[in-house]
Amino acid sequence: MNALTVLASSGGDEFQAPGPEIFDFPPLFSGGPAWLTKPVLFAVVGSLLICAFFWTAFAKPKLVPRGAQNLGEVGYMFVRDQIARPFLGKNTERWMPLLMSLFFLIWFWNIFSVIPIIQFPIASHIAFPIVLAIFVYCLKVYLGLRHQGAKYFTNMMPKGLPWPVYILLVPIEYLSTFIIAPFTHAVRLFANMFAGHMILAFFSLVGFWFIFEKPTVAGFGVGVVGVIVTILMTALELLIQFLQAFLFALLAAMYIQSGLEADH
Amino acid sequence: MITAASVLAAEENNPLVPHPYELVVGIFSFLVVLIVVGKILTPRIQQTLEERTDAIEGGLKRAEQAQEEARQTLEQYKAQQKDAAIEASRLRKKAEEQGAQIIAEMKEQAQAEARRIIDAAKAQIEAERQQALTSLRAEIGSMSVELASRVVGESLEDSARQSRVVDRFLEELEERARTQEQITS
């Protein structure tokens, strides 16, 4: 579908690689509000889907799990044991609601990248990672001030270094904790999804263009390569989608813990 | 700043500049998930998992208790069995002892009875002997006198006569004894 729109816009006989314009969407229907675009629609769909799934799984949880509850518990156990426990320890249970929401929302949004017809990773629009990263950032600072008070700003410094070192260290530490950390937190997710979508769009367009649109004897082989690479990249993307959701939630757990307790 | 950024985004489609409406939708989506999945559903599964742990631990504990109970019952049963065996052997021993005692008593009784019978018989024999002796003593006296009178009366003529007299006397004696025997028996 993306390939078609890009093709339509490129028009000419020459093959043109897709650019950032594939991330721009018109309103869903002509005359509709400008904000109601495909990413917006599927961002909401994703959040509703995840609510629906966990509603079927956990609405009436049984001691002996059946069906969806089994699946949901696998997800819960994964988030708890792989994401929350290593950082939060005894605080794990308290922060599971947030980490569950973060991990599964991001993962569902990412998976949309490879679902036919949707084929768009929501997090490749930077607004969505920014919302999540800012939320975690505010939470981190709030928890730090609440649990450590003013010491929050001194606790994060390594102790016992010769004093001239601190002249260099203090600005770097503050810069990294308060400015770079939230920025990279959001941008890492965004950039991975953005690049992944670009790559998939490029190779699927290569396949589409050289096999269906302008089939030539010389170009056919290139098209086949494009299709094969698209399939392989889709598999890789599935892994990266999962990995980025995992990493985002992992960092969130780490930031929360850094606010809760001094040692990190 | 934000308006400038959004204008920039609209004009140049800078992927690093967020669309304001997407920020709003992002907040909305995230809050919906946070409330439904985080606040409502996650605590439920946490509680269920906790209950399950409790149930499993409780089940294990109950099983342990049951096992312990069974073990105690078995021990009790074994002890009872042992007691019963001891009791049985004690009773058997007692019965054996009693039997032996009864047999011994019976034997003693029988022996006493036998002794009594023997004694009675002996006493009777002794009495009869005494009786015989008394009667003999009396008869021997008279017979001796008779014999002497005969011997004297016949006047000791010759030895042949004497011996005849003695023989006759003895025969008479035998005769008398025989008749006496016939009478007594």
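Predicted model only: the values in this text are computed from it and were never measured.

A. Highlighting the overall build of chain B. Counting its secondary structure elements, chain B contains three helices and zero strands. The order of helices and strands in chain B, counted from the N terminus, is α-α-α. Counting across all 185 residues of chain B, residues that qualify as buried make up 13%. With an accessible surface of roughly 14400 Å², chain B has 59% of that area assigned to carbon and sulfur atoms.

B. Representation of helix H3 (residues 68–88) of chain A in the model. Helix geometry: H3(A) is bent most strongly at A:Arg80, by close to 30°. Just past H3(A), the residue A:Gly89 takes up positive phi, approximately 55°.

C. Representation of the UniProt feature "transmembrane region" (unreviewed entry) in chain A within the structure. Residues and elements named next belong to chain A. Sites flagged by UniProt as "transmembrane region" (unreviewed entry) map to residues 40–59, 95–120, 126–145, 165–183, 189–210 and 217–236. Spanning residues 95–120, this segment combines 65% helix with 0% strand, and its end C-alpha atoms are found 30 Å apart. The straight-line gap between the two end C-alpha atoms of residues 126–145 is 28 Å; of that span, 95% is helix and 0% is strand.

D. Inspection of the interface of chain B and chain A at higher detail. Taken residue by residue, the interface counts 32 residues in chain B and 44 residues in chain A. Both sides together, the interface formed by chain B and chain A hides about 3300 Å², and carbon and sulfur atoms give 76% of it. For chain B, the biggest contributors to the area lost against chain A are B:Glu22, B:Phe30 and B:Ile45; these three give 18% of the whole. At the boundary of chain B with chain A, the tally comes to one salt bridge. Residue B:Arg52 pairs with A:Glu73 through a salt bridge whose shortest N-O separation is 2.6 Å. Taken together, the residues of the side of chain B that touches chain A sort by class into 20 nonpolar, eight polar and four charged.

E. Region of interest: the side chain of A:Thr37. Checked against the element boundaries, A:Thr37 lands in the loop between helix H1 (2–10) and helix H2 (38–58). Owing to a relative accessible area of 2%, A:Thr37 belongs among the buried residues under this scheme. Ignoring sequence-local partners within four residues, the contact set of A:Thr37 consists of A:Phe25, A:Pro26, A:Pro27, A:Leu28, B:Tyr21 and B:Glu22.

F. Quick look at a negative patch on the surface. There is a patch of like negative charges on the surface, built from A:Glu93, B:Glu50, B:Glu51, B:Asp54 and B:Glu57. In terms of residue count, helix H2 (residues 20–153) of chain B provides more of the negative patch than any other element does, four residues in total. Structurally, A:Glu93 is set in helix H4 (residues 92–111). Relative accessible area serves as the criterion here: at 33%, A:Glu93 is assigned to the partly exposed category.

G. Highlighting the packing of H2(A) against H4(A). All names here are of chain A. Interaxial distance between H2 and H4 falls to 9 Å at its minimum, and their mutual angle equals 125°. Here H4 runs oblique to H2, going by the angle between their axes. Judged by the sense of rotation from one axis to the other, the crossing of H2 with H4 is right-handed. Along its contact with H2, which presents Phe-42, Ala-43, Gly-46, Ser-47, Leu-49, Ile-50, Phe-54 and Phe-58, the element H4 presents Met-100, Phe-104, Leu-105, Phe-108 and Trp-109. In terms of residue class, the contact of H2 with H4 is built from 11 nonpolar, two polar and no charged.

H. Looking closely at the UniProt feature "transmembrane region" (unreviewed entry) in chain B. The sites that carry the UniProt feature "transmembrane region" (unreviewed entry) are, in the present numbering, residues 23–42 of chain B. In this annotation, residues 23–42 of chain B is assigned 100% helix and 0% strand; the end-to-end C-alpha distance for the span is 25 Å.

I. Representation of the side chain of A:Ser101 in the model. Along the polypeptide, A:Ser101 turns up in helix H4. The buried category is assigned to A:Ser101, whose relative accessible area is 0%. A polar atom in the side chain of A:Ser101 sits 2.8 Å from the backbone oxygen of A:Pro97. What A:Ser101 contacts, discounting residues up to four positions off in sequence, is B:Phe30, B:Val33, B:Leu34, B:Val37 and B:Gly38.

J. Region of interest: the nonpolar core. If you look at the biggest cluster of nonpolar residues, it comprises 69 residues, and the most contacted ones within it are A:Ile83 and A:Met100. Counting only elements with at least two residues in this core, the list comes to H2, H3, H4, helix H5 (127–148), helix H7 (163–213) and helix H8 (217–260) of chain A together with H2 of chain B. In terms of residue count, H8(A) provides more of this core than any other element does, 12 residues in total. Contact partners of A:Ile83, with chain neighbours within four places excluded, come to A:Phe78, A:Leu99, A:Phe103, A:Phe246, A:Ala249, A:Leu250 and A:Ala253. A:Val141, A:Tyr152, A:Met156 and A:Leu169 belong to the second largest nonpolar core, which has six residues in total.

K. How the structure looks around the packing of H5(A) against H8(A). Residues and elements named next belong to chain A. Where H5 contacts H8, the axes come no closer than 7 Å and their chain directions differ by 20°. As summarised for this structure, H5 and H8 are arranged roughly parallel, according to the angle between their axes. Read as a crossing pair, H5 and H8 show a hand that is right-handed. Counted together, Pro-129, Leu-132, Ala-133, Val-136, Leu-139, Lys-140, Leu-143, Gly-144, His-147 and Gln-148 of H5 and Phe-248, Ala-252, Tyr-255, Ile-256, Ser-258, Gly-259 and Leu-260 of H8 form the full contact between these two elements. Partitioning the contact of H5 with H8 into residue classes produces 11 nonpolar, five polar and one charged.

L. Structural context of a nonpolar patch on the surface. Together, A:Trp55, B:Ile27, B:Leu31, B:Ile35 and B:Ile40 line one region of the surface with nonpolar side chains, adding up to about 440 Å² of accessible area. Counting residues per element, the nonpolar patch draws most heavily on H2(B), which supplies four residues. Residue position: B:Ile27 is located in helix H2.

Rules and cut-offs
Residues numbered from 1 in each chain as written. Chains lettered and ligands numbered in written order. Predicted model: local features only at pLDDT ≥ 70, side-chain atom pairs only at ≥ 80, totals over all residues. Heavy atoms only, no water. Helix = DSSP H or I, 4+ residues; strand = E, 2+ residues; numbered from the N terminus. Buried < 20%, exposed > 50% of the residue type's maximum accessible area, 1.4 Å probe, protein only. Areas by Shrake-Rupley, 256 points an atom, 1.4 Å probe, with all protein chains shown as cover. Bend = angle between axes of the 7 residues up to and from the residue. UniProt positions renumbered as here; feature names shortened; annotations may be inferred. Contact = heavy atoms within 4.5 Å. Buried area = accessible area lost by both parts, 1.4 Å probe. Salt bridge = Lys/Arg side-chain N within 4 Å of Asp/Glu carboxyl O. Nonpolar A, V, L, I, M, F, W, Y, C, P; charged D, E, K, R; others polar. Patch = residues over 30% accessible without salt bridge, like charges linked within 9 Å, V, L, I, M, F, W, Y side chains within 5 Å. Lys, Arg positive; Asp, Glu negative; His and termini not counted. Charge placed at Lys NZ, Arg CZ, Asp CG, Glu CD. Axes fitted to C-alpha atoms, helices over the stretch in contact; angles between N-to-C directions. Parallel < 35°, antiparallel > 145°, perpendicular 65-115°, else oblique. Left-handed = near helix turned anticlockwise from the far one by under 90°. Polar contact = N/O pair within 3.5 Å; in protein donor to acceptor, adjacent residues only side chain to side chain. Core = buried A, V, L, I, M, F, W, Y, C linked by side-chain atoms within 4.5 Å.

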